[in-house]
Every structure is written in C-alpha cells, then in structure tokens.
Amino acid sequence: MSLKGKTIGVAFTGSFCTFEKAFQELQKLVDEEALVQTIFSDAASSFDSRFGKVQSFIERAEEITGVKPMLTIPQAEPIGPGSLLDILVLFPCTGNTLAKLANGITDTPALMAAKAHLRNNKPLLISISTNDALGMNMRNIGLLMNAKNVYFIPFGQDNPKKKPNSMIAHTELLIPSIEAALEGHQYQPVIQ
Ligand SMILES: Cc1cc2nc3c(=O)[nH]c(=O)nc-3n(C[C@H](O)[C@H](O)[C@H](O)COP(=O)(O)O)c2cc1C
C-alpha cells in the first residue's frame, strides 16, 4: 500500500529516549509523501532532559513535516469533528498515556487526539515504550489489545536482566504496521 496522500497523526509522548528513533521514522513517512501532523503531550512539549531540549524537538517536528505541531488540547480537538486523520500513531507511547487511554482519560493533547480520532472509527496505532509493560501496565495493554480500532507496533523486552518489566516497540516496523492497520489488521507477530 502506498502512503502517498494519507493523513497520518504522530503523537509524541514523554518517552524521551525513543525520540531520536521516532524522528528517523517520521522522516520516512514524509519521504513516502504522507501528510503528517505531529501532536505533543504536555510532558513531551515541556520536559527538557538529558535526551534534549523540548524546543528543539518541536522545531525538528515542524522542519520534517512542514506543519506546526499541535501542542494544546484545543488544537488537537478538531481531529474529531474535522475527521482530519486516516490514522493516528502514539509514537512513542508512555506507560502513563497507555494507562490513561485504557481508562478513558483525556487530559493531554496526545490523548485528546486519540479520543477525537477514535470517535471517527479509524485506526489508532500504539508504539509502547515503558518500563512497566510487564508490571502495572500489563492489564492496560491487554485492554487496548482487545479494543476496537486499536493496533500495536510489534514490541518485545529490551533489557530483561536489568529491566524485567520493560517492553519497547520495534519502531522500524512503523510503516508496515501502519499499512496493516489501515487495512484493519494487526501486523504480526505482535510480540517479537
Ligand atoms: C528523561 C525522561 C525519560 C522518560 N522516559 C520514559 C519512557 O521511556 N517511558 C515512559 O513510560 N515514561 C518515561 N518517562 C516518564 C514520562 O515522561 C512521565 O510519566 C510523563 O508524565 C508522561 O506524560 P505523557 O504520557 O503525557 O507524555 C520519562 C521521563 C523523563 C524525564
């Protein structure tokens, strides 16, 4: 499937160690001539860290996509009524955002985008990156895996010895996972 002309939302949440890989994949979507709108959670647009300054992330997102990121809940809300996206990807998705999404909480621009998009019965793709995937968040992953129109980029344990509950998505599988989700399928194998 060609992604040319597809409208793709990419919502960054506060898994900062994954941002570099996320930007590389964002560039690939633009290279495929997809029309990409980024959205940042409040954490993603406000926590400077050892992984970089948030202002540089926001600027980089705009440079790659040519479109200003959505940084507030009011900016993200029109995704619903305007049916602005063919697919939305939480990329990366923190344990925090995963837990809130699974429990119907909508208090960041990324979660507003997800709620607004899901009301249109269109696919939402999740790229998990969390140290508690096999702990407190396991049940939320289960809830979302069983939810209508929700798909996952395949994921696996990244450091079983030092972080036994941590799981992270294979971000390089973004494009095939999008293609499958747009056709209503979960890209498999989902655990790898
Ligand atoms: C430097 C840094 C790295 C972080 N990395 C992760 C991560 O990889 N996964 C995660 O779930 N949370 C991570 N967090 C915690 C989240 O940023 C925090 O839970 C935040 O409230 C998430 O908000 P959001 O889900 O709305 O973006 C990190 C925080 C900091 C400061």
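Computed from a prediction, not measured in an experiment: that's the story for all the values here.

**Focus on the UniProt feature "domain: Flavoprotein" (unreviewed entry) in the protein**
For step 1, the next point in the chain: As recorded in UniProt, the feature "domain: Flavoprotein" (unreviewed entry) lies at residues 6-167.
For step 2, the next point in the chain: Its end C-alpha atoms 29 Å apart, residues 6-167 is made of 34% helix and 20% strand.

**Some details on the site of the ligand**
For step 1, the next point in the chain: Around the ligand sit 16 residues in total, of which Ser 15, Ser 41, Thr 94, Thr 97 and Ser 129 are the nearest.
For step 2, the next point in the chain: Contact distances for the ligand include 2.5 Å between an oxygen atom and a side-chain N or O atom of Thr 94.
For step 3, the next point in the chain: Contact between the ligand and Asn 96: an oxygen atom at 3.1 Å from a side-chain N or O atom of the residue.
For step 4, the next point in the chain: For the ligand, the accessible surface in isolation is 640 Å², of which the surrounding protein chains cover 72%.
For step 5, the next point in the chain: Contributions of two or more residues to the shell around the ligand are made by helix H4 (95-102) and strand E4 (124-130).
For step 6, the next point in the chain: Broken down by element, the shell around the ligand gets its largest block of residues, 3 residues, from H4.
For step 7, the next point in the chain: Of the residues assigned to the shell around the ligand, the class counts are 4 nonpolar, 12 polar and no charged.

**Considering the nonpolar core**
Proteins that are soluble and globular tend to have nonpolar side chains buried together.
For step 1, the next point in the chain: Among the nonpolar cores identified, the biggest contains 59 residues, and Ile 8, Phe 12, Leu 29, Ile 126, Ile 128, Phe 152 and Ile 178 are the most heavily contacted of them.
For step 2, the next point in the chain: Apart from the residues within four sequence positions on either side, Ile 8 is in contact with Leu 3, Leu 29, Ala 34, Leu 35, Val 36, Gln 37, Leu 85, Ile 87, Val 89 and Ile 178.

Analysis parameters
Residues numbered from 1 in each chain as written. Predicted model: local features only at pLDDT ≥ 70, side-chain atom pairs only at ≥ 80, totals over all residues. Heavy atoms only, no water. UniProt positions renumbered as here; feature names shortened; annotations may be inferred. Helix = DSSP H or I, 4+ residues; strand = E, 2+ residues; numbered from the N terminus. Near = heavy atom within 4 Å. Polar contact = N/O pair within 3.5 Å; in protein donor to acceptor, adjacent residues only side chain to side chain. Areas by Shrake-Rupley, 256 points an atom, 1.4 Å probe, with all protein chains shown as cover. Nonpolar A, V, L, I, M, F, W, Y, C, P; charged D, E, K, R; others polar. Core = buried A, V, L, I, M, F, W, Y, C linked by side-chain atoms within 4.5 Å. Buried < 20%, exposed > 50% of the residue type's maximum accessible area, 1.4 Å probe, protein only. Contact = heavy atoms within 4.5 Å.

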